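Observations on the three-dimensional arrangement
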Amino acid sequence: MAAIATEQDILKGLAEIIDEIVGIDKSEVTPEKNFIEDLDIDSLSMVEIAVAAQDQFGVEIPDDELRNLKTVQDVINFVQNLQKPQG
């Protein structure tokens, strides 16, 4: 079983993914940032980011959920909720 990532771990991983895919500096990726309005990330890039995040954090992000993830914090919360042991 994979270790549960902390909010900081998820933020760091997400920042690295975003930097790699769209070239936005890691320091720009903060929890309150909106992907579209603040970081100027389009829907195609969001799909790439989601796929990379799924691989990195071992979670499933369905397309219908992806549309609801507007900010970096939304993704952090989503990943953390999925990582909680089910039961």
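Just above, that's the structure.
The structure reproduced in this document is the subject of the present report. Sequence order sets the numbering: in each chain, residues are counted from 1 along the sequence as written. Local features are withheld for residues below a pLDDT of 70 in this predicted model, meaning they are given only at 70 or higher, and side-chain atom pairs are given and counted only at 80 or more; totals for whole chains, interfaces and linings count all residues. Note that the side-chain values use all heavy atoms of the structure and ignore hydrogens as well as water.

Re the overall build of the chain
Counting its secondary structure elements, the chain contains four helices and zero strands. Helical segments are the DSSP runs of H or I of at least four residues, strand segments are the runs of E of at least two, and each set is numbered from the N terminus. Put simply, the chain runs from its N terminus to its C terminus through helices and strands in the order α-α-α-α. The reference for a compact globule is 2.2 Å times residues^0.38; the radius of gyration itself is calculated from the C-alpha atoms. For the chain, whose C-alpha radius of gyration is 12 Å, the value lies close to the compact-globule estimate of 12 Å for 87 residues. Seen through its C-alpha atoms, the chain measures out along the principal axes to roughly 40 × 25 × 20 Å. Buried positions account for 38% of the 87 residues belonging to the chain. Considering only contacts in the chain between residues 6 or more positions apart, those separated by 24 or more positions represent 56%. Of the roughly 5400 Å² that the chain leaves accessible, carbon and sulfur atoms contribute 49%. Placing the 6 positive and 19 negative side-chain charges of the chain at their respective mean positions leaves the two points 4 Å apart. Each residue gets one of three labels from its accessible area relative to the maximum for its type: buried under 20%, exposed over 50%, partly exposed in between, using a 1.4 Å probe on protein chains only. Contacts: residue pairs with any heavy atoms within 4.5 Å of one another. To measure how exposed things are, a 1.4 Å probe is used in the Shrake-Rupley method; for residues, cover is taken only from the protein chains shown. Positive charge is attributed to Lys and Arg, negative charge to Asp and Glu, and no charge count is given to His or to the chain ends. Taken as the charge location is NZ of Lys, CZ of Arg, CG of Asp or CD of Glu.

Overview of the environment of Gln73
Residue position: Gln73 is located in helix α4 (residues 72-83). You can call Gln73 partly exposed: its relative accessible area is 22%. Expressed as a C-alpha distance, the spacing of Gln73 and Ile10, which sit 63 residues apart in the sequence, is 9.6 Å. Between N or O atoms, a polar contact is any pair within 3.5 Å; within protein, one atom must be a potential hydrogen donor and the other a potential acceptor, and residues adjacent in sequence are included only when both atoms are from side chains. Among the polar contacts made by the side chain of Gln73, one reaches the side chain of Asn77 at a distance of 2.8 Å.

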